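# Structure assessment
The lines below spell out each chain.
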Amino acid sequence: MSSKSIPAWLEEAVFYQVYPQSFYDSNGDGIGDIPGIQLKLDYLETLGVNAVWINPCFDSPFLDAGYDVSDYYRVAPRYGTNDDLRALFAEAARRGIRILLDLVPGHTSIEHPWFQASCRHARNEYSDWFIWTDSVWAWMVPGLRAISGYAERDGCFVTNFFYHQPALNYGFAAPDPAHPWQQPVDAPGPQRVREELRRIMRFWLEMGASGFRVDMAGWLVKGDPDSRENIRLWQEMRAWLDREFPEACLVSEWFEPALAIQAGFHVDFCPTLANAALFRRPDLRGLGANPYAYSFFNPVGTGNIREFVDHYLRHYAQIKGRGHIALFSGNHDLTPRLSTGLGVEDLKLAFLFLLTMPGPPFIYYGDEIGMRTVEGLPSKEGGYQRTGVRTPMQWDRSPNAGFSTAPAERLYLPVDDRPDRPTVADQLDDPDSLLSCVRHLIALRRAHPALCASGEWSPVFAEAGRYPFVYRRSGGDENLLVAINPADRPVEVDLGQVAIQGPGQTLYGVEGAIVERQGRWVLRLPPVSGGVYRA
Ligand code: NOJ
Ligand code: CA
């Protein structure tokens, strides 16, 4: 694996995640669309991001916001046409912005013609494209969920997520001989599905996509506890990509970087627990009790940075030089908005961290202005608790926050109706705004190779239950220290053993935080502050 190269553009990449429904509505029908994204490229350029991940924008009945695809080769009419997407790729490329699509390889919509064909009693081309037990009464399948009584075919189909998302058949790592319906990975059905997956990727890459974020990437082959067969499947895909599309990037939703990078992904997301240790601990849903009441970035200052560092280091050590771990400000799933429980100054520190760590960072639309979770909304398109982080982008103070000219009741989701809701327009020219801070930090990152994706990273001060968090980044001929104190109290630490040449120049944040005292270097930070220093 190590001989394979990572596309060079990833080094400086800063990603922006666009939930297309809610970004910008270009034609006043109440729902965001592809031309709307194109119209906002100026904004993305101003922000300084150079890569975008768009949530699924393909034909779909939208029972899971588009993660239920009914045609992999066609943009959903509500978002525009394939030509609109082609135009977006071209215009974005002209501005040095790359676009990643969301690939959902694990399951289709229940309405997909492939699945409908596989439902039929008579054997046909698609009979083995999905996972069916051999009797409608055989719905107890250990480790999987099967739906019975849906089709004329005598059997239950395996679903990956909601009932309407039948699992495509990539086979079983160790098929149970007592259940011949469990096919091996090299059976004809699973092999045809793999071939189709390559066709889908080729179709969009040839049109101008720069790669994919891959939904539930580690869950294709079933009964694969050590992920061996899923890793092999993706290694095969990566080898193919390296030959045909060496510039394309694969980002996995695996949340296990050590496995995902071995599988050939260029980037995997930071494991959920490590992320939760940083932000929004009080909101963790169902991930288990924890002795620390608050996450590290909460100003109460009772977080434990080791919960993050220990997790992160374990993965980082295994993937370094072969791929990246992506930290993210949020996403369209179960993470509440970054702003939950945090004020503007806290958020600036969160971004100082996100934008100075290794691996390409991902900014969820609206987090750069501190958009808030909207509580209490009824579920939309299978969103349930996720719905509140999917509300329309807040552009300005015009009706619907400038998202759409449709009547408010026709919007995809209501706009946050709090009078003090943040907007892009209010923050763009305010040098103290969160948006200005994020812009500044993106520019800082891109100007310093040490801060980019592969710059070396090592913790300098990261003690359980203590603040600040200090780490080193180095690369090129630079050696930088990043120091962050989210706690609402001043902190001081002795950096005595850290080899620094003089009280390093301040590149960002608190001036003169590193001082010499009796031959040792001491770092002092006021409450809720931080900085980047030459070391
Ligand atoms: C993960 C996606 O992020 C989520 O939104 C979706 O519901 C599931 N996968 C199922 O595709
Ligand atoms: Ca629209």
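The text that follows walks through the structure, step by step, so that each part is easy to find. Here the residue numbering is sequential within each chain, running from 1 through the sequence in written order. Naming scheme: in the order in which they are written, chains are lettered from A and ligands are numbered from 1. Where local features are concerned, this predicted model is filtered to residues with pLDDT of at least 70; where side-chain atom pairs are given and counted, the filter is 80 or more; whole-chain, interface and lining totals use all residues. Calculation of side-chain values draws on the structure's entire complement of heavy atoms; hydrogens and water are dropped beforehand.

### Comments concerning the environment of arginine 439
By secondary structure assignment, the location of arginine 439 is in helix α12 (residues 434-447). The cut-offs for exposure are 20% and 50% of the maximum accessible area for each residue type, with area from a 1.4 Å probe on protein chains only; residues under the lower value are buried, those over the upper are exposed, and the others partly exposed. By relative accessible area, which is 29% here, arginine 439 ends up partly exposed. Residues arginine 439 and leucine 47, 392 residues apart in the sequence, show an inter-C-alpha distance of 5.1 Å. In what follows, residue pairs with any heavy atoms lying within 4.5 Å of each other are defined as contacts. In this structure, arginine 439 is in contact with Thr46, Leu47 and Leu428, ignoring residues within four places of it in sequence. Definition of a polar contact: a pair of N or O atoms within 3.5 Å, with one able to donate and the other able to accept a hydrogen when the atoms are protein atoms, and with sequence-neighbouring residues admitted only if both atoms are side-chain atoms. Here the side chain of arginine 439 touches threonine 46 through a polar contact of 3.2 Å, landing on its backbone oxygen. Numbering of helices and strands starts at the N terminus; helices are DSSP runs of H or I of at least 4 residues and strands are runs of E of at least 2.

### So, the coordination of the calcium ion (ligand 2)
Six octahedral donors at a metal ideally form angles of 90 or 180 degrees, and four tetrahedral donors ideally form angles of 109.5 degrees. For the calcium ion (ligand 2), the full set of protein donor atoms is Asp25 (OD), Asn27 (OD1), Asp29 (OD), Ile31 (O) and Asp33 (OD), at a range of 2.2 to 2.4 Å. The rule for donors is simple: an N, O or S atom within 2.8 Å of the metal counts, and for Na, K and Ca the reach is 3.2 Å. Water is not among the atoms, so a site may look short of donors. Counting gaps between the donor residues of the calcium ion (ligand 2) yields the pattern D-x1-N-x1-D-x1-I-x1-D. Take aspartate 29: its relative accessible area is 27%, and that puts it in the partly exposed class.

### Here we look at the site of ligand 1
One heavy atom suffices: a residue is near a molecule or strand as soon as one of its heavy atoms comes within 4 Å of it. Residues in close proximity to ligand 1 include Asp64, Tyr67, His107, Phe161, Arg213, Asp215, Met216, Glu253, His332, Asp333, Arg386 and Arg390, which together make up its full environment. For ligand 1, an oxygen atom lies 2.8 Å from a polar atom in the side chain of histidine 332. Separating an oxygen atom of ligand 1 from a side-chain N or O atom of aspartate 333 is a distance of 2.4 Å. Only the protein chains shown count as covering a residue, and every accessible area follows the Shrake-Rupley method with a 1.4 Å probe. For ligand 1, whose accessible area on its own is 300 Å², the fraction buried by protein is 98%. Residues that form the shell around ligand 1 fall into these classes: three nonpolar, two polar and seven charged. Three categories are distinguished: nonpolar for Ala, Val, Leu, Ile, Met, Phe, Trp, Tyr, Cys and Pro, charged for Asp, Glu, Lys and Arg, and polar for the others, with Gly belonging to the last.

### What about the sheet that holds strand β18 (residues 514-517)?
Strand order in this open sheet of three strands is β16-β19-β18, and the pairing throughout is antiparallel. Strands with a single pairing partner mark the edges of an open sheet, and in this sheet they are β16 (491-494) and β18. Ignoring which end each strand starts from, the neighbouring axes of this sheet average 30 degrees apart. Two strands are counted as paired when DSSP detects at least two bridges linking them. Pairing between β18 and strand β19 (residues 520-525): four bridges, direction antiparallel. When the sheet's bridge partners are listed, arginine 517 is paired in β19 with arginine 520. Every angle, taken between N-to-C directions, lies between 0 and 180 degrees, and every axis is a line fitted to C-alpha atoms, over only the stretch in contact when it is a helix.

### Details of a nonpolar patch on the surface
Residues Trp137, Trp139 and Met140 make up a contiguous nonpolar surface patch of roughly 470 Å² in combined accessible area. Within the secondary structure, tryptophan 137 sits in the loop between α4 (113-118) and β6 (145-147). Overall, the relative accessible area of 67% leaves tryptophan 137 in the exposed class. What goes into a patch is any residue over 30% in relative accessible area without a salt bridge, connected to like charges within 9 Å or, for nonpolar side chains (Val, Leu, Ile, Met, Phe, Trp, Tyr), within 5 Å. Each salt bridge in this description consists of a side-chain nitrogen of Lys or Arg and a carboxyl oxygen of Asp or Glu lying within 4 Å of one another.

### Re the side chain of aspartate 268
Assignment of secondary structure puts aspartate 268 in strand β10 (residues 267-269). Side chain to side chain, aspartate 268 and serine 252 meet in a polar contact 2.9 Å long. In this structure, aspartate 268 is in contact with Ser252, Glu253, Trp254, Phe255, Glu256, Pro257, Ala260, Ile261, His324, Ile325 and Ala326, ignoring residues within four places of it in sequence.

### Quick word on α12
An expected span of 1.5 Å times one less than the residue number is assigned to each helix. The end-to-end C-alpha distance of α12 is 20 Å, a good match for the 20 Å that 14 residues give at a rise of 1.5 Å each. If you follow the buried residues of α12, they end up packed against α2 (41-47), α10 (344-354), β12 (362-364), α11 (424-428), β17 (506-509) and β20 (529-534).

### Description of unusual backbone geometry
Note the cis peptide between tyrosine 467 and proline 468, where omega equals 0 degrees. Examined against the element boundaries, proline 468 turns out to sit in the loop between β13 (456-461) and β14 (469-475). The phi angle at alanine 65 is positive, at roughly 55 degrees, despite the residue not being glycine. On the basis of relative accessibility, which here comes to 2%, the residue alanine 65 falls in the buried class. Phi angles above zero are rare outside glycine, and valine 528 is one such case at about 45 degrees. Within the fold, valine 528 resides in the loop between β19 and β20.

### Comments concerning the packing of helix α5 (residues 188-207) against helix α6 (residues 228-244)
Look at α5 against α6: their axes get within 12 Å of each other, and the N-to-C directions meet at 35 degrees. The crossing of α5 and α6 is right-handed. Along its contact with α5, which presents Arg194, Leu197, Arg198, Met201, Arg202 and Leu205, the element α6 presents Leu233, Trp234, Glu236, Met237, Trp240, Leu241 and Glu244. Counted by class, the contact of α5 with α6 contains eight nonpolar, no polar and five charged residues. For a crossing to be left-handed, the near helix must be turned anticlockwise from the far one by less than a right angle; the clockwise case is right-handed.

### Describing the sheet that holds strand β2 (residues 51-54)
Read from one edge to the other, the open sheet built from eight strands follows the order β11-β10-β9-β8-β5-β2-β1-β12, with strand pairing classed as parallel. In this open sheet, the two strands that pair with only one neighbour each are β11 (324-326) and β12. Here the strands of the sheet are splayed against their neighbours by 25 degrees on average, with no regard to which way each runs. In this sheet, strand β9 (residues 249-252) lies alongside strand β8 (residues 211-214) in parallel orientation, the contact comprising four bridges. If you follow phenylalanine 212 over to β9, its bridge partner there is leucine 250.

### A look at the packing of helix α3 (residues 82-94) against α5
Here α3 crosses α5 at 55 degrees, and the two axes come no closer than 9 Å. In terms of axis orientation, α3 runs oblique to α5. From α3, Asn82, Leu85, Arg86 and Phe89 reach across to α5, where they touch Phe203, Trp204 and Met207. In what follows, roughly perpendicular refers to angles from 65 to 115 degrees, roughly parallel to angles under 35, roughly antiparallel to angles over 145, and oblique to any angle outside these ranges.

### Comments concerning α3
One full turn of an α-helix is made of 3.6 residues, so residues set three or four places apart face in the same direction. Here α3 spans 18 Å end to end across 13 residues, near enough to the 18 Å set by a 1.5 Å rise per residue. Listed in full, the buried residues belonging to α3 are Asn82, Leu85, Leu88, Phe89, Glu91 and Ala92. Of the surrounding elements, those touching the buried residues of α3 are α1 (34-39), α2, β2, β4 (71-75), β5 (98-103) and α5. Backbone geometry just downstream of α3 places glycine 96 in the positive-phi region, at approximately 75 degrees.

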